[in-house]
Amino acid sequence: MNTTQIDLELLLPAMDAGDDCVQMLTERLMATRGVDKAHITHENGTARLCLHFDPNLVSLQKIQRLARRAGAEITARYRHEALPVLGMDAADAAAGLTEVLAGLDGMIHAQVNYAAGLAFVAYDSQLLAAADIARAIHGMGYSVGERGTDKPAGDECCAHSDAPAFLPHWLQERWTYLLVGLAGLFLLIGWAGGSFFGMSPQLATLFFVLSYLAGGYDIATHAVPGLLRGKLDTDVLMLAAALGAAILGHWAEGAFLLFLFALGHAGEHYALDHARNAVQALGELMPKTAQVKRQGEIKSIPVEQVQIGDVVVVRPGDRIPVDGRVLSGASGVDQSPITGESRPALKVAGDEVFAGSINQDAALEVEVTRLAKDNTLSRVMQMVAEAQSQQSPTQRYAERFTSRLVPTILLLTLLTIVVPPLLGWMSLSDSFYRGMLLLVAASPCALALGTPAAVLAGIGQAARNGVLIKGGVHLENLGAIRAMAFDKTGTLTEGRFELTDVLALNGVSESALLQVAAAVEQQSSHPLAQAVVRHAQALNLPLPAANGLENVSGLGVHSQVDGLPVSIGSRKLFETGLDAPPPAVLRAVEELERNARTTMIVRQNGQYIGVLGLADRPRAGVQENLQRLLALGVEHLIMLTGDNGEVAQRIAGEVGITDVRAGLLPEHKLDLIATLKTEFGKVAMTGDGVNDAPALAAATVGIAMGGAGTAVALETADVALMADDLSKLPFAVGLSQASRRIIVQNLALALGVILLLVFTSVLGLVQLTGAVILHEGSTILVVLNALRLLRYRAA
């Protein structure tokens, strides 16, 4: 694991290393994928959380969110930002800029994603200021844009950072295309004039020089600052090749090289914009204003000013501007921008709605439950941005390979120029020309760009379809999964239990049994508990007072009703104590379990007063979705449940799963995931992201369902299905497999073209013009190949 160390300051004056909140915080962080070590230290009365983590697996933002959720208040000393970087014209430029930023004093972690056009930085604000980061970026020949735009910060117009400030607004936005056009025009005049119209060689050379200046302007503005810092990238190689061609008198070929190089980058940027727009389009779903009802009047105010508890009026056809709960009205709501669901969902009073979804039929009044910065759409956008900061294994490999390739190319070029003349194999001019060919041939543009472009497109397409994939590593791993484990309740089944059997014992009436059980269970959010409460409410039973709920993980609960102790849970909850269930209770449990019921034993004040039987049913279409996973190459499907074996086997038979592991406690699920990884290699775990968090973290890929409705699912999972819909899982697996194929295709194409051009250039089988065409063509081709992911649809 490539770990980074950071000390977070926690503002908890009375904090002690043995406090429950501290233990909860460190345990939660240690259970997070990518965190290697977490412990508390004290210095001058201030508590510090010392972390060792891999920034390619977990971001600083997520660590800070987990710490705050555990009750710790974190100082603003450590900051993280995603800065738009304008002017990068080659994929390997990102590696050079990353190295420069990472070398700044106070920088904790830096990662530049060329495909996304973003620099992700986490830094200590006591040692490093945001202005210092911006100066470092400017020093490399680039500029920092405003967040969420392609404009330079502090500038109201420019879409390209290198455009001279005196140019008109419309010309600054088209500066790159203007330079490419001028380079091509001057090249055409010089070549056609000299070849067909009797233009003097001196005048033709002048036009070639002008073409050099136009085509090489952008390249030089980025290559020269990097070269002065000792950074060698593709721009340096191309400039060297063009200058070498000029020295040899091949002005036309050198001008053609720079023209095609500039043209290729312009096309590459245009294509990448489509992938970037797929992600940025999520932000455009958020309405800028909301119609808020205040003091009997409806006022239009910016969404940032809407407060929790405000009532927002949403007209038919409008996008819902807030996350909230419907107070009045009934209407169909298109949630596809958030959850990917194809059909509108009927929303009535009490239902939850999400910002960015579209109200279709009738007006709704919605009570705001989250601020604009905390709503589901904002969290998804934030996590998509974080995902782009975390490199996939293939991308890290390609970057390491590229960083070693460029200096190797320069050394081989030097040897190609010097050795043949010394050995009498060819003249210096011929060897020099072949050296320039080698510079172009081995330039690794396509190699550096092939993987990040595919990851960007894949994550963007997933987000557009209601699937949040939180990093390139998870995008690649999901496509390689061969075994997938599923939690039963709420994943394979609807998770909406119905109380079917009420067996009262020891002279207690059924209504009294239900009153005691419902009084305790109304304190719990577990699906079984809610089923008991719903049944009691349907019978209009008054519930006594209950307090002091204690959860026994995977077994049941303890509480008090009217001052008397009450325990409710599975048979295992009571078998561990001295007062084991009597034979009558065990016979009732066994009879219900034979009928595929989930059972709950109720004991009050030491007396067993009854047994409850509940039933769940499989989700609609779950068997079809599991068959689609098998067709995609997921060879083994496993059901994990804490329920009894009879119930588990019945559900498994209905959905088509043959491997059932029943009667599991949460820690058993964790151990089982480790066993499955040993047996099958890469294993995915699918659950609700709440009770299954440890198992999700232990799996190769953790998948949570219903991410739009719960912040916990969004945080704990590597992949979140925003809708509570299992049909998105085959889509996510298929998209990941398609992404892996495209990454492999791009790498094969890039390496193949490099090897072909190196071989032909050294042997003199290709001219400079042909080498440039093949080089730039391969770069554009890998980007276009990656963009195919934006059209991916599940079969």
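Everything quoted here is computed from the prediction, not taken from an experiment. (Residues numbered from 1 in each chain as written. Predicted model: local features only at pLDDT ≥ 70, side-chain atom pairs only at ≥ 80, totals over all residues. Heavy atoms only, no water.)

Caption draft 1: Expanded view of the overall build of the chain. A count of helices and strands for the chain gives 27 helices and 29 strands. In the chain, which comprises 795 residues, the share counted as buried stands at 55%. Taking all contacts inside the chain whose residues are at least 6 apart in sequence as the whole, residues at least 24 apart take part in 67%. Carbon and sulfur atoms make up 56% of the accessible area of the chain, which totals about 32800 Å². (Helix = DSSP H or I, 4+ residues; strand = E, 2+ residues; numbered from the N terminus. Buried < 20%, exposed > 50% of the residue type's maximum accessible area, 1.4 Å probe, protein only. Contact = heavy atoms within 4.5 Å. Areas by Shrake-Rupley, 256 points an atom, 1.4 Å probe, with all protein chains shown as cover.)

Caption draft 2: Fine view of the pairing of strand β24 (residues 607–615). β24 sits mainly inside the fold: eight of its nine residues count as buried. As defined by bridge partners, strand β19 (residues 498–504) adjoins β24 across six bridges and the pair is classed as antiparallel. From the neighbouring strand, E498 faces β24, where its bridge partner is A615. Here seven bridges tie strand β23 (residues 598–604) to β24, and the two strands are oriented antiparallel to one another. Along β24, the bridge assignment pairs Q604 with Q607. (Pairing = 2+ DSSP bridges.)

Caption draft 3: The arrangement of the sheet that holds strand β7 (residues 143–144) in detail. With antiparallel pairing, four strands are arranged side by side in an open sheet as β5-β6-β4-β7. The strands lining the two open edges of the sheet, one partner per strand, are β5 (107–113) and β7. As paired elements, strand β4 (residues 78–86) and β7 share two bridges and run antiparallel to each other. By the bridge assignment, V85 is partnered in β7 with V144.

Caption draft 4: Looking closely at the packing of aromatic side chains. Under the defined criterion, the tally for this structure stands at five aromatic pairs. An angle of 65 degrees between the planes, with centres 5.5 Å apart, marks the rings of F574 and Y608 as edge-to-face. You can see F574 sitting in helix α19 (residues 571–575) and its partner Y608 sitting in strand β24, a full 34 residues away along the chain. With respect to class, F574 is no different from Y608; both count as buried. (Phe/Tyr/Trp six-rings, centres within 6.5 Å; stacked < 30°, edge-to-face > 60°.)

Caption draft 5: Highlighting the side chain of H109. Position of H109 among the secondary structure elements: in strand β5. Setting aside its immediate chain neighbours within four residues, H109 contacts P55, F120, V121 and A122.

Caption draft 6: Quick peek at unusual backbone geometry. Look at N506: it is not a glycine, yet its phi comes out positive at around 55 degrees. Here N506 shows up in the loop between β19 and α17 (510–521). The exposed category is assigned to N506, whose relative accessible area is 51%. Even without being a glycine, N540 presents a positive backbone phi close to 60 degrees.

Caption draft 7: Looking closely at the sheet that holds β24. Pairing within the open sheet is antiparallel, and its six strands lie in the order β19-β24-β23-β22-β21-β20. With partners counted over all chains shown, the strands left at the sheet margins are β19 and β20 (546–552), one partner each. Here the average twist between neighbouring strands, direction ignored, is 20 degrees. The sheet contact formed by strand β22 (residues 564–569) and β23 spans four bridges and is antiparallel. In the strand pairing of β23, S567 is matched with R603. Across the sheet, helix α20 (residues 583–594) is in contact with β19, β23 and β24; its angle to β24 comes to roughly 0 degrees. (Axes fitted to C-alpha atoms, helices over the stretch in contact; angles between N-to-C directions.)

Caption draft 8: Geometry of the packing of α17 against helix α18 (residues 527–538). Packing of α17 against α18 leaves a shortest axis separation of 8 Å and a crossing angle of 130 degrees. Relative to α18, the element α17 lies oblique. Crossing hand, α17 versus α18: left-handed. Between α17, through L514, A517, A518 and E521, and α18, the contact on the second element is made entirely by A529, Q530, V532, V533, H535 and A536. A class-by-class count of the residues in the contact of α17 with α18 yields seven nonpolar, two polar and one charged. (Parallel < 35°, antiparallel > 145°, perpendicular 65-115°, else oblique. Left-handed = near helix turned anticlockwise from the far one by under 90°. Nonpolar A, V, L, I, M, F, W, Y, C, P; charged D, E, K, R; others polar.)

Caption draft 9: The arrangement of the pairing of strand β21 (residues 556–561) in detail. Sheet topology places β20 next to β21; five bridges connect them, and they run antiparallel. The residue bridging V552 from the neighbouring strand is G556, located in β21. Here β20 hands over to β21 after three residues, with G554 in that stretch at a positive phi of 80 degrees. The sheet contact formed by β21 and β22 spans six bridges and is antiparallel. Within β22, the position partnered with V561 by the bridge is L564. In this antiparallel pair of consecutive strands, β21 and β22, the connection spans two residues, and D562 shows a positive phi of 55 degrees.

Caption draft 10: How the structure looks around the environment of S211. Structurally, S211 can be placed in helix α7 (residues 201–228). Sequence spacing of S211 and L185 is 26 residues, and the spatial spacing of their C-alpha atoms is 7.7 Å. Setting aside residues no more than four positions away along its own chain, S211 makes contact with A183, F186, L187, G216 and A255.

Caption draft 11: Examining helix α26 (residues 728–762) more closely. Along its 35 residues, α26 runs 51 Å from first to last C-alpha, staying within 8% of the 51 Å computed at 1.5 Å per residue. G764, located one to two residues past α26, shows a positive phi value of around 75 degrees. (Expected span 1.5 Å × (residues − 1).)

Caption draft 12: Layout of the nonpolar core. Within the largest apolar cluster, 82 residues are counted, with the highest numbers of intra-cluster contacts made by L101, M484 and F486. Counting 47 residues, the second-largest nonpolar core is a separate cluster that includes I219, L237, A255 and Y433. (Core = buried A, V, L, I, M, F, W, Y, C linked by side-chain atoms within 4.5 Å.)

Caption draft 13: View of the environment of L364. You can see L364 is positioned in strand β16 (residues 364–368). Judged by relative accessible area, which is 1%, L364 ranks as buried. In the structure, L364 is positioned 37 residues away from L327 in sequence and 7.6 Å away in space, judged by C-alpha atoms. Once you skip the residues sitting within four places of it in the chain, L364 turns out to touch V312, V313, V314, V326, S328, G329, A330, S331, V333, K347 and N359.

Caption draft 14: Summary view of helix α13 (residues 428–441). The first and last C-alpha atoms of α13 sit 20 Å apart over 14 residues, in line with the 20 Å expected at 1.5 Å per residue. With ten of 14 residues buried, α13 lies mostly within the body of the structure. Listed in full, the buried residues belonging to α13 are S431, F432, Y433, G435, M436, L437, L438, L439, V440 and A441.

Caption draft 15: Spatial organisation of the packing of helix α12 (residues 393–423) against α13. Where α12 meets α13, the axes come as close as 8 Å, and the angle between the chain directions of the two elements is 165 degrees. By the angle between their axes, α12 is roughly antiparallel relative to α13. You can see that α12 and α13 cross each other, and the crossing is right-handed. Contacts between α12 and α13 pair I409, L410, L412, T413, T416, I417, P420 and P421 from the former with L428, S431, F432, R434, G435, M436, L438 and L439 from the latter. Of the residues contributing to the contact of α12 with α13, the split by class is eleven nonpolar, four polar and one charged.

Caption draft 16: Seen up close, the pattern of salt bridges. Following the criterion strictly, the structure yields 16 salt bridges and no others. In this structure, the salt-bridge partner of E498 is R534, at a minimum N-O distance of 3.9 Å. Placement of the pair is E498 in strand β19 and R534 in helix α18, with a sequence separation of 36 residues. Through salt bridges with shared partners, a single network forms among D323, E352 and R370. (Salt bridge = Lys/Arg side-chain N within 4 Å of Asp/Glu carboxyl O.)

Caption draft 17: Inspection of the confidence of the model for the chain at higher detail. Confidence along the chain averages 81 in pLDDT terms, with 83% of residues attaining 70 or more. Taken element by element, the chain is modelled with least confidence in strand β1 (residues 4–10), mean pLDDT 55, and with most confidence in α17, mean pLDDT 94. Contacts from residues 11–18, a stretch scored under 50 in pLDDT, to residues over four places away or in other chains number 15 contacts. Throughout residues 149–161 the model reports pLDDT below 50, and contacts reaching past four residues in sequence, or to other chains, amount to 36 contacts. (pLDDT = per-residue confidence, 0-100.)

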